[in-house]
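# Understanding the architecture of this molecule
Each chain, written out:
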Amino acid sequence: MLDLTALQFAGLCWSQHPVSQVEISDSDFTQRGLVPLVGGQKRRAEFLAGRQCAYDALAQLTGNGVWLPSRQQLGPEWPTGTCGSLSHSRELAVACVGKSSQWQSIGIDVERLQPAERAQRLASQIMTSNELAWFNPLPEEIQPSAFSILFSAKESLFKALHPLVGRRFYFHDVELYVAPQEGRLSLQLLIDLAPKWRKYQVLALRYLIQQDYVLSLLAIAQPRSQT
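Here the structure is a predicted model, which means the values were calculated and not measured.

Cut-offs and rules
Residues numbered from 1 in each chain as written. Predicted model: local features only at pLDDT ≥ 70, side-chain atom pairs only at ≥ 80, totals over all residues. Heavy atoms only, no water. Buried < 20%, exposed > 50% of the residue type's maximum accessible area, 1.4 Å probe, protein only. Helix = DSSP H or I, 4+ residues; strand = E, 2+ residues; numbered from the N terminus. Arc of directions from axis to C-beta. Contact = heavy atoms within 4.5 Å. Patch = residues over 30% accessible without salt bridge, like charges linked within 9 Å, V, L, I, M, F, W, Y side chains within 5 Å. Areas by Shrake-Rupley, 256 points an atom, 1.4 Å probe, with all protein chains shown as cover. Salt bridge = Lys/Arg side-chain N within 4 Å of Asp/Glu carboxyl O. Disulfide = S-S within 2.5 Å. 1 Å grid on protein atoms, 1.4 Å probe; cavity = no way out; pocket = protein on both sides within 12 Å on 5 of 7 lines; lining within 4 Å. Points joined across faces, edges and corners; volume = space filled by probe spheres on them. Nonpolar A, V, L, I, M, F, W, Y, C, P; charged D, E, K, R; others polar. Pairing = 2+ DSSP bridges. Axes fitted to C-alpha atoms, helices over the stretch in contact; angles between N-to-C directions.

### Concerning helix 3 (residues 116-126)
- Those residues of helix 3 lying buried are Ala116, Ala119, Leu122, Ala123 and Ile126. Down the axis of helix 3, the buried set is contained in an arc of 145°. They therefore lie on one face.
- Those residues of helix 3 hidden inside the fold are in contact with helix 4 (129-135) and helix 5 (143-165).

Next up, the structure:
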């Protein structure tokens, strides 16, 4: 399990859970009030581990755990008054939640660190030309973590902004603005997504690397009231 201390902000609650290696049956869904997921063992186990994390994180936040239903193509439906995000990668699932009075949206992503060969092969699929100009000269031993951090950060940004803008966007629509350093980086939008989310807007993210995982977080606070 990961030490999430660096990503624990006031008002956010985290949970993590191992992905089951035991065969998942339909009753594992129905006893939680969930519709059984159609798919292979891996997909079903990851789904339930993510829902367990969300249940535990909501219990911490509100005192009441909830098994989250799914909305078609929109991900989990968070209880009124809350927002959150969940992610999974191989053996680990994580969730982060907060109260919507404090947070507009939350995006998290957890990934296994990619090997150097795969990072180099996939770099052009997720990086802009400016990002490749930063990435390619890096020492080979640094490239796997650099690639994995940027990939995870872009995933977190998508998860946080998609519910707010109501449209899809892609890896090349976002660009590194401040390079990863000491658990922080910034991304810049390259397109207009919505009236409040315009081209060149910069968003700051946090990340950590532990036990061959990279985990990133974008938590968008509610605007401060004007007095």
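### Quick notes on a nonpolar patch on the surface
- A grouping of Tyr177, Val178 and Val202 is seen on the molecular surface, where their side chains present a nonpolar patch of about 270 Å² in accessible area.
- With respect to the secondary-structure elements, valine 178 resides in strand 7 (residues 174-181).

### Some thoughts on the state of the cysteines
- Tallied over the entire structure, the rule returns zero disulfides.
- Cysteine cysteine 53 shares no disulfide, and the gap to the nearest cysteine sulfur, in cysteine 96, comes to 11 Å.
- Given a relative accessible area of 0%, cysteine 53 falls into the buried group.
- Not engaged in a disulfide, the cysteine cysteine 96 finds its nearest cysteine sulfur in cysteine 13; these two sulfurs lie 7.9 Å apart.
- On the basis of relative accessible area, cysteine 96 is assigned to the buried category, the value being 0%.

### Digging into the side chain of arginine 112
- Mapping arginine 112 onto the fold places it in strand 6 (residues 103-112).
- Not counting residues up to four positions away in its chain, the partners in contact with arginine 112 are Ser89, Arg90, Glu91, Ser148, Gln211, Asp212 and Tyr213.

### Considering the layout of surface pockets
- Counted as a void, the second largest pocket has a volume near 230 Å³.
- Residue lining of the second largest pocket: 14 residues in total, with Ala204, Leu205, Arg206, Leu218 and Ala219 positioned closest to the centre.
- Of the residues contributing to the lining of the second largest pocket, the split by class is 11 nonpolar, one polar and two charged.

### What about the pattern of salt bridges?
- Under the definition given, this model contains seven salt bridges.
- Ionic pairing is found between arginine 44 and aspartate 26, a salt bridge with its closest N-O pair at 3.0 Å. One end of the pair, arginine 44, is in helix 2 (residues 41-62); the other, aspartate 26, is in helix 1 (residues 26-30), and 18 residues separate them in sequence.
- Residue classification places arginine 44 among the buried positions, given a relative accessible area of 9%.

### Things to note about the sheet that holds strand 10 (residues 213-221)
- Pairing is antiparallel in the open sheet, where five strands are placed in the order 6-10-9-8-7. At either end of the open sheet lies a strand with only one pairing partner, and these are strand 6 and strand 7. Strand after strand, the sheet turns through a mean of 20° between neighbouring axes, direction not considered.
- Judged from the five bridges that link them, strand 8 (residues 184-189) and strand 9 (residues 202-210) form a sheet pairing that is antiparallel. Bridge assignment links serine 186 to a residue of strand 9, and that residue is alanine 204.
- Across the face of the sheet, helix 5 comes into contact with strand 6, strand 7, strand 8, strand 9 and strand 10 while running at roughly 150° to strand 6.

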